[in-house]
Amino acid sequence: MFKENIYYKVSTILIATFLSLNVFAQNWDVPADKKAKNSYLKFDDATSKEGEVIYTKNCVSCHGNPGKGNSLKTLNPIPPDMLSTQTQALTDGELFYILVAGRMIMPSFKNILSENERWKVISYIRGFNKKYVQVLSKTDPNKSELVRISTSFDNKTNKIKVEVKANEPKGVVFLKDAEIMLFAKRNFGRLQIDNTLRTNNEGVATFNFPKDLPGDKAGNVEIFVKVNDDIYGEIESQSNLKIGIPTDKPGLNEKRAIWNVMAKAPIWLLITYTFCMLLVISCFIYIFYNLYRIQKSGIN
Ligand code: HEC
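Residues numbered from 1 in each chain as written. Predicted model: local features only at pLDDT ≥ 70, side-chain atom pairs only at ≥ 80, totals over all residues. Heavy atoms only, no water.

**A few points about the overall build of the protein chain**
What counts is decided by this rule: Labels follow the DSSP assignment, with helices taken as runs of H or I lasting at least four residues and strands as runs of E lasting at least two, numbered in each case from the N terminus. The rule is simple: take the accessible area with a 1.4 Å probe, protein chains only, and divide by the maximum for that residue type; under 20% is buried, over 50% is exposed, in between is partly exposed. Any two residues whose heavy atoms approach within 4.5 Å at even a single point are treated as in contact. Only the protein chains shown count as cover for residues, and the accessible areas themselves come from Shrake-Rupley with a 1.4 Å probe. Residues scored as positive are Lys and Arg, those scored as negative are Asp and Glu, and His as well as the terminal groups of each chain are ignored. Working definition for charges: the position is that of NZ of Lys, CZ of Arg, CG of Asp or CD of Glu.
A tally of regular secondary structure across the protein chain gives eight helices and eight strands. Expressed as a percentage of the 300 residues in the protein chain, the buried residues total 31%. Once local pairs closer than 6 in sequence are excluded, the contacts in the protein chain between residues at least 24 apart make up 55%. Entry remark: accessible area of the protein chain is about 20200 Å², with carbon and sulfur atoms responsible for 60%. Between the mean site of the 40 positive side-chain charges and the mean site of the 30 negative ones, the protein chain shows a separation of 7 Å.

Quick look at the structure:
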């Protein structure tokens, strides 16, 4: 009786958790600045035609054709029809963000579709909505080539100064109030340094750099700067600065680690694995032993 009660409670909790996860999964939490992002491409028949090709290749298998309600119903959550009121109520910036971020079954197209291609798919999706009116972005993608980013390090204060300017034909323009993110390259991806900052009137943002960040043997750290400006768009730069602590660290495959081969797997993993396998095997032995006993008592 007590056991049954426990199973009942545990399964109720599990089912409730699962259902609530699905309920919460309905809303996309898009940051305000991303939500307000608009396309610099003017949506017209040509962009929508190109968008259709991209959609057919990357999206139709799950989402079906817009307005046809033929999305893949076996998935959970069901991929929404792109012409549904819910999807069309999203801003262009939100649609763009969803394509970049992805979520569970919805893949991230960050490294699959370029920014141009993402806007073209959105242009295709909007083409079905007669009420849609496009708000164009002020960003001029050709202008991003004019931007120059310079990074320098101040030993005394341990700060990295990032200066962003554009070499316009009429003279140098300092990018004011542009969003700047600073990253250091690590083994697995990038580590953001300090907060996301905005440039001042001189186009400068100053980041606090940690004193104890390991670099390579010579103390070099690969630094990435990502600039996001309303007019000049997204620009990224990369530089090598000698600002880390020199570390003679062994290669990733030299030490015991979970990504290494079996012989170099961590001890705890080997023990857990062996224990689990023994557990499974003993269960089998127990079952076979009991089957044998049942059979024997039947014979008797
Ligand atoms: C593997 C299946 C799959 C593919 C491929 C896929 N999606 Fe999705 N998509 C989903 C699922 C599932 C959701 C719902 C995700 C959620 O709510 O957590 C979703 C959600 C979305 C949403 C949010 C809609 C809303 O109303 O909330 C948009 C927009 C979207 N997808 C666009 C696209 C586009 C455009 C492509 C192709 C470039 C694409 N998807 C490719 C499965 C897919």
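Having seen the structure, we can now continue with the description.
**Examining the domain arrangement of the protein chain**
Let me state the cut-off plainly: Domain start and stop positions are those given by an automatic or database domain assignment.
For the protein chain, the domain assignment lists domain 1 (26-126) and domain 2 (141-242). Averaged C-alpha coordinates put domain 1 and domain 2 at centres separated by 31 Å.

**Some details on the site of the ligand**
How we decide: Neighbouring residues are identified by heavy atoms, a residue being near a molecule or strand if any of them is within 4 Å of it. Between N or O atoms, a polar contact is any pair within 3.5 Å; within protein, one atom must be a potential hydrogen donor and the other a potential acceptor, and residues adjacent in sequence are included only when both atoms are from side chains.
Around the ligand, the structure places 24 residues, and the nearest of them are C59, C62, H63, Q86 and M106. At 2.7 Å from a nitrogen atom of the ligand is found a side-chain nitrogen or oxygen belonging to H63. Within the side chain of R103, one N or O atom sits 2.8 Å away from an oxygen atom of the ligand. For the shell around the ligand, the elements supplying multiple residues, two or more each, are α4 (60-63), α5 (85-88), α6 (92-101) and α7 (115-126).

**Thoughts on the sheet that holds strand β8 (residues 233-242)**
Defined as follows: By the convention used here, strands pair only if DSSP detects at least 2 bridges between them. To obtain an axis, a line is fitted to C-alpha atoms, over the contacting stretch when the element is a helix, and the angle between two such axes runs from 0 to 180 degrees between their N-to-C directions.
Spatially, β5-β4-β7-β8 is the arrangement adopted by the four strands of the open sheet, whose pairing is antiparallel. The open sheet has two free edges, formed respectively by β5 (190-198) and β8, since each of these has just one partner strand. Adjacent strand axes in the sheet meet at a mean angle of 20 degrees when their direction is disregarded.

**Here we look at the pattern of salt bridges**
Counted only if it meets this: Salt bridges are counted wherever a side-chain nitrogen of Lys or Arg sits within 4 Å of a carboxyl oxygen of Asp or Glu.
Counted under the stated rule, the structure contains eight salt bridges. A salt bridge links E50 to K120; the shortest N-O distance between them is 2.8 Å. With E50 in helix α3 (residues 45-58) and K120 in helix α7, this pair connects stretches of sequence that are 70 residues apart. Residue class for E50 comes out partly exposed when judged on its relative accessible area of 40%. Here K120 falls in the buried class, since its relative accessible area comes to 17%.

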